[in-house]
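Architecture at a glance
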Amino acid sequence: MAKFIREFKGNFDEVVEFSKNTVLDNSASSTLEDEVFYNVNDVKIGVLVFERYSITGGNRLSLTLTIVGFEDEIKLSAITSGGSQGIFLKINTLGEQEFLTEYVGEIVKYIESL
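Predicted, not measured: the structure shown is a model, and the values here were computed from it.

**What about unusual backbone geometry?**
At Asn 41, a residue that is not glycine, the phi angle is positive and equals roughly 55 degrees. Secondary-structure assignment places Asn 41 in the loop between β2 (31–40) and β3 (43–54). What makes Asn 41 exposed here is its relative accessible area of 75%.

As structure tokens, this is what we get:
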């Protein structure tokens, strides 16, 4: 498992759309498996689950994004999972880190451009 957490100012809907496009455009095997959105009073919450095939790991793995927006405050977490080949221990998690690193590189550039 690999994880990235960031807080920044931005527009919730734009961050969601940017994230979808970034993940889906970075790999031909990436798919948006499911998404769910909630509004709690003035807070927007989105959970998006992506999956892709990892050539380095020889398996499929997932990236889960949780995006929370209140006014112009955004809280974002990105967590990958499923890239291990071990039965009892996690072995070969390179694919998880790579999946996360590709997304993080793009979202950091996006945040810095705001």
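**Thoughts on the side chain of Ser 30**
For Ser 30, the location among the structural elements is in the loop between α1 (12–26) and β2. Residue classification places Ser 30 among the buried residues on the basis of a relative accessible area of 9%. At 3.3 Å, the side chain of Ser 30 forms a polar contact with the backbone oxygen of Val 23.

**Remarks on a nonpolar patch on the surface**
A cluster of nonpolar residues, Val 36, Tyr 38 and Val 40, forms a patch on the protein surface that exposes about 250 Å² of accessible area. Assignment of secondary structure puts Val 40 in strand β2.

**Looking at the sheet that holds strand β1 (residues 2–9)**
Pairing in this open sheet of 5 strands is antiparallel, and the strands run β1-β5-β4-β3-β2 from one edge to the other. In the strand order of this sheet, the two ends are held by β1 and β2, each with one partner. Across the sheet, the axes of successive neighbouring strands diverge by a mean angle of 10 degrees, strand direction being ignored. Most of the contacts of α1 go to β3, to which it runs at about 5 degrees, and overall it touches β1, β2, β3, β4 (59–70) and β5 (73–81). Those strands touched by helix α2 (residues 94–113) are β1, β3, β4 and β5, and its axis lies near 10 degrees from that of β1.

**Quick notes on α2**
Helix length check: α2 (20 residues) gives 29 Å between terminal C-alpha atoms against 28 Å at 1.5 Å per residue, within 8%. Looking at α2, one finds that the buried residues are Gly 95, Glu 96, Phe 99, Leu 100, Tyr 103, Val 104, Ile 107, Val 108, Tyr 110 and Ile 111. Next to the buried residues of α2 lie β1, α1, β3, β4 and β5.

**Things to note about the nonpolar core**
Phe 4, Leu 63, Ile 67, Tyr 103 and Ile 107 are the most contacted members of the largest nonpolar core, which has 24 residues in total. Mapped by element, the contributors of at least two residues to this core are β1, α1, β3, β4, β5 and α2. Per element, the largest residue contribution to this core is 8 residues, and it comes from α2.

**A look at the pattern of salt bridges**
Within this structure, the stated rule accounts for 8 salt bridges. The salt bridge partner of Asp 13 is Lys 44, with a shortest N-O separation of 3.4 Å. Pair noted here: Asp 13 is in helix α1 and Lys 44 is in strand β3, with a separation of 31 residues, a long-range link. Residue classification places Lys 44 among the partly exposed residues on the basis of a relative accessible area of 31%. For Glu 35, the salt bridge goes to Lys 20, with nearest N and O atoms at 2.9 Å.

Definitions and limits used
Within each chain, residue numbers correspond to sequence positions counted from 1 in written order. The predicted nature of this model means local features are confined to residues of pLDDT at least 70 and side-chain atom pairs, given and counted, to a pLDDT of 80 or more, with totals for whole chains, interfaces and linings taken over all residues. Side-chain calculation: all heavy atoms of the structure are included, whereas hydrogens and water are not. Secondary structure elements are taken from DSSP: a helix is a run of H or I of four residues or more, a strand is a run of E of two residues or more, and numbering for both begins at the N terminus. Only protein chains enter the accessibility calculation, which uses a 1.4 Å probe. A residue is then buried if its area is under 20% of the maximum for its type, exposed if over 50%, and partly exposed in between. Under the rule applied, a polar contact is a pair of N or O atoms within 3.5 Å (in protein, one hydrogen donor and one hydrogen acceptor; residues adjacent in sequence only if both atoms are side-chain atoms). Patch members must show over 30% relative accessible area and no salt bridge, and they are joined within 9 Å when carrying like charges or within 5 Å when they are nonpolar side chains of Val, Leu, Ile, Met, Phe, Trp or Tyr. All accessible-area figures derive from a Shrake-Rupley calculation using a 1.4 Å probe, and residue coverage is judged against the displayed protein chains alone. By definition here, a salt bridge exists when the distance from a side-chain nitrogen of Lys or Arg to a carboxyl oxygen of Asp or Glu is within 4 Å. For two strands to be treated as a pair, DSSP must find no fewer than two bridges joining them. Comment: axis = line fitted to C-alpha atoms, over the contacting stretch for helices; angle = value between 0 and 180 degrees taken between N-to-C directions. Contacts: residue pairs with any heavy atoms within 4.5 Å of one another. Here a helix's expected span is defined as the number of its residues, less one, multiplied by 1.5 Å. By nonpolar core is meant a set of buried Ala, Val, Leu, Ile, Met, Phe, Trp, Tyr and Cys residues that side-chain atoms within 4.5 Å join together.

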